[in-house]
Amino acid sequence: MIELKRLSPNDGTDIYNMLQEIPKEENGLQNKANGLTFEEFKGWLIGKQAESEQEGIVDGWKVPSTTYWLYVDGVPVGYGSVRKYLTEALRKVGGHIGYGIAPSFRGKGYGKELLRLLLLEAYKAGIDKSLLTIHKDNLASQAVARAIGGVLTDETDERVYYWIKSNE
């Protein structure tokens, strides 16, 4: 069974351990929970919960963002977040959706499932089309975006830009 669960300050060691497996920075995905102690992780969860409830832009760039965990048969295998809107900076780096799968669970189609479910959450949040900004050398993530209906609309020396209908 595959399910998406919203981050909760009550999340425990299963999520903590999964986040320790995902690198701190990989292909543009920032995993700020990697390397934290469990107590620091609990504080990080509280901060992430607050991000999902904020209104407007905070610190000049932070927009409301909700984090979700992808569970497969009761085991967390990855995570992603949905930003409710974009600043000009997020249109260049970040986009509406960011996601990652723990290395031990890659190559099993979970990235597609996670992106598909995150797109549904984006649609529920009123986002008709979602932007993904992907490192040019991250061929796996580009393949996932295309498989879910993403359309390549632009590229730079570092990134490619895919738009995907959120309700597909």
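In what follows, the accompanying structure is described. (Residues numbered from 1 in each chain as written. Predicted model: local features only at pLDDT ≥ 70, side-chain atom pairs only at ≥ 80, totals over all residues. Heavy atoms only, no water.)

**So, the nonpolar core**
Part 1 of the argument: Counting residues in each nonpolar core, the largest one holds 24 residues, and the members touching the most others are Ile97, Tyr99, Leu115 and Leu132.
Part 2 of the argument: Residue assignment for this core shows that the elements contributing at least two residues are strand 4 (65-72), strand 5 (75-83), strand 6 (97-101), helix 4 (110-124), strand 7 (129-135), helix 5 (139-147) and strand 9 (159-165).
Part 3 of the argument: Broken down by element, the residue count for this core peaks at 7 residues, all from helix 4.
Part 4 of the argument: If near-sequence neighbours (up to four positions away) are discounted, Tyr99 is found in contact with Leu29, Tyr79, Gly80, Gly111, Leu114, Leu115, Leu118, Leu132, Ser141 and Val144. (Core = buried A, V, L, I, M, F, W, Y, C linked by side-chain atoms within 4.5 Å. Buried < 20%, exposed > 50% of the residue type's maximum accessible area, 1.4 Å probe, protein only. Helix = DSSP H or I, 4+ residues; strand = E, 2+ residues; numbered from the N terminus. Contact = heavy atoms within 4.5 Å.)

**Observations regarding the sheet that holds strand 7**
Part 1 of the argument: In space, the 3 strands of this open sheet follow the order 7-9-8, with antiparallel pairing throughout. Each having just a single partner strand, strand 7 and strand 8 (151-155) make up the two edges of the open sheet. Neighbour-to-neighbour, the strand axes of the sheet open up by a mean angle of 25°, direction not taken into account. (Pairing = 2+ DSSP bridges. Axes fitted to C-alpha atoms, helices over the stretch in contact; angles between N-to-C directions.)

**Notes on helix 4**
Part 1 of the argument: Between its terminal C-alpha atoms helix 4 stretches 21 Å, which fits the 21 Å expected from 15 residues at 1.5 Å a residue.
Part 2 of the argument: Of all the positions in helix 4, only Tyr110, Gly111, Leu114, Leu115, Leu117, Leu118, Leu119, Glu121 and Ala122 are classed as buried.
Part 3 of the argument: At the exit of helix 4 stands Gly126, carrying a positive phi of roughly 95°. (Expected span 1.5 Å × (residues − 1).)

**Details of the sheet that holds strand 6**
Strand-to-strand pairing in sheets goes through backbone hydrogen bonds, with the strands running parallel or antiparallel.
Part 1 of the argument: The antiparallel open sheet is built from 4 strands, whose spatial order is 1-4-5-6. Taken across any chain shown, the strands that pair with only one partner, and hence form the sheet edges, are strand 1 (2-6) and strand 6. Adjacent strand axes in the sheet meet at a mean angle of 20°, parallel and antiparallel pairs treated alike.
Part 2 of the argument: Bridge analysis of strand 4 against strand 5 gives 8 bridges, and the strand direction is antiparallel. Paired with Ser65 across the two strands is Arg83, which belongs to strand 5.
Part 3 of the argument: Contacting strand 1 and strand 4, helix 2 (residues 38-53) crosses the sheet at an angle of about 120° to strand 4.

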